[in-house]
Amino acid sequence: MNWLEALILGIIQGLTEFLPISSSGHLELAKAMFGVEAESSLMFTVAVHAATVLSTIIVFRKDIGQLFVGFFSKGHTDEKSYVFKLLLSMIPVGIVALLSKDEISTLFNGNIIFVGSMLLVTALLLTFSYFRRNGTRSIGWLDSFIIGIAQAVAVIPGISRSGATIATGMIIGNKPTELAKFSFLMVIIPILGETFLDLVSGDLFSSSIGMIPIILGFVAAFVSGLFACKLMINIVKKGKLIWFALYCLIAGLTAIIIGII
């Protein structure tokens with residue numbers, strides 16, 4: 001991987017982690033185009049995911065600070081309930097990560113026809129959410145778990161994590177104004193946990209990629225992530241995800257055609 005490929009992949013990760021068009025799917029497509037081997041890009045993948053977590057923390061720093069203070073305050077607080085709802089939403093993806101992460105990665109790695117098909121599934125979800133964009137219910141305990149299931153399903157490349165969680169929340173009637181914040185905060189601990197598991201495995205430092213491409217990818221993902229996160233918050237509040245559905249439809253069909261050819 002050269003510095004230009006690292007820059008492009010970093011930008012793709014930063015934008016697609018927050019925009020509902022599947023970061024994993026786009027990274028798989030980009031790696032296939034550039035000829036980057038998955039084994040040699042593990043450290044790079046971890047770096048760009050860490051960059052998007054950092055951008056999330058910066059964008060929501062005030063909210064995170066309020067949650068932290070409220071959680072450790074005496075008595076019952078809204079912040080404690082919110083944190084426990086976030087933790088509840090993380091259970092499904094945690095189970096999937098512990099039981100079948102490697103199997104999923106091996107099964108779908110480099111299969112752009114499958115990735116394209118899953119982009120079509122994302123397009124379908126986003127389309128359904130468009131017709132349910134006027135939800136009025138706050139995120140409850142059951143809602144949190146259902147949204148968490150959507151996040152677990154989104155470990156499949158091509159299904160957008162943010163798209164699946166936000167669209168699912170809209171479909172079950174939650175307020176769009178609450179969903180972007182909840183969706184982006186609920187991914188922080190799972191990504192940090194995945195990074196920890198990669199560190200423990202020892203495979204992380206077997207990367208053949210130099211430090212310059214990794215640093216460039218990290219910076220690119222962080223800057224583009226900041227932009228995409230702020231943009232997505234405004235888009236979700238307006239409930240206008242239909243254009244991303246159209247994009248995923250076009251991208252999915254293109255990937256399938258390329259894969260067949």
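The shown structure was predicted, so the numbers you read here are calculated from the model rather than taken from an experiment.

Overview of the overall build of the protein
The secondary structure content of the protein amounts to 12 helices and 0 strands. Listed by position from the N terminus, the elements making up the protein come as α-α-α-α-α-α-α-α-α-α-α-α. Within the protein, buried positions represent 49% of all 261 residues. In the protein, the share of contacts with a sequence separation of at least 24, taken over all contacts with a separation of at least 6, comes to 82%.

Considering the pattern of salt bridges
As a working rule, side chains carrying opposite charge can pair if their charged atoms are close by. Applying the stated criterion to the full structure yields 3 salt bridges. Two residues, aspartate 63 and lysine 181, come together in a salt bridge whose shortest N-O distance is 3.3 Å. Taken together, the positions of aspartate 63 in helix H4 (residues 61-71) and lysine 181 in helix H9 (residues 176-185) put the pair 118 residues apart, joining distant regions of the chain. By relative accessible area, aspartate 63 is classed as partly exposed at 22%.

Some remarks on a nonpolar patch on the surface
Together, Ile91, Ile95, Leu98, Leu99, Phe145, Ile149, Val153, Phe196 and Leu197 make up a nonpolar patch on the protein surface, roughly 860 Å² of accessible area in all. Of all the secondary-structure elements, those providing two or more residues to the nonpolar patch are helix H5 (78-108), helix H7 (141-153) and helix H10 (188-201). With respect to the helices and strands, the residue phenylalanine 196 is situated in helix H10.

Things to note about H9
Most of H9 sits out of view: 7 of its 10 residues are buried. Listing the buried residues of H9 in full gives Pro176, Leu179, Ala180, Phe182, Ser183, Phe184 and Leu185.

Notes on the environment of glycine 148
Mapping glycine 148 onto the fold places it in helix H7. Residue classification places glycine 148 among the buried positions, given a relative accessible area of 0%. Not counting residues up to four positions away in its chain, the partners in contact with glycine 148 are Ser89, Pro92, Val93 and Met186.

Comments concerning the packing of helix H8 (residues 161-171) against H9
Direction vectors running N to C along H8 and H9 enclose 145°, while the axes themselves pass 9 Å from each other. In this structure, H8 crosses over H9, and the sense of that crossing is right-handed. In this structure, H8 contributes Arg161, Ser162, Thr165, Ile166, Gly169 and Met170 to the contact, and H9 contributes Pro176, Leu179, Ala180, Ser183 and Phe184. Partitioning the contact of H8 with H9 into residue classes produces 6 nonpolar, 4 polar and 1 charged.

Describing the confidence of the model for the protein
On average, residues of the protein carry a pLDDT of 86, and 88% of them reach 70 or more. Mean pLDDT values for the elements of the protein range from 73 in helix H2 (residues 23-34) up to 96 in H7.

Conventions adopted
Residues numbered from 1 in each chain as written. Predicted model: local features only at pLDDT ≥ 70, side-chain atom pairs only at ≥ 80, totals over all residues. Heavy atoms only, no water. Helix = DSSP H or I, 4+ residues; strand = E, 2+ residues; numbered from the N terminus. Buried < 20%, exposed > 50% of the residue type's maximum accessible area, 1.4 Å probe, protein only. Contact = heavy atoms within 4.5 Å. Salt bridge = Lys/Arg side-chain N within 4 Å of Asp/Glu carboxyl O. Patch = residues over 30% accessible without salt bridge, like charges linked within 9 Å, V, L, I, M, F, W, Y side chains within 5 Å. Areas by Shrake-Rupley, 256 points an atom, 1.4 Å probe, with all protein chains shown as cover. Axes fitted to C-alpha atoms, helices over the stretch in contact; angles between N-to-C directions. Left-handed = near helix turned anticlockwise from the far one by under 90°. Nonpolar A, V, L, I, M, F, W, Y, C, P; charged D, E, K, R; others polar. pLDDT = per-residue confidence, 0-100.

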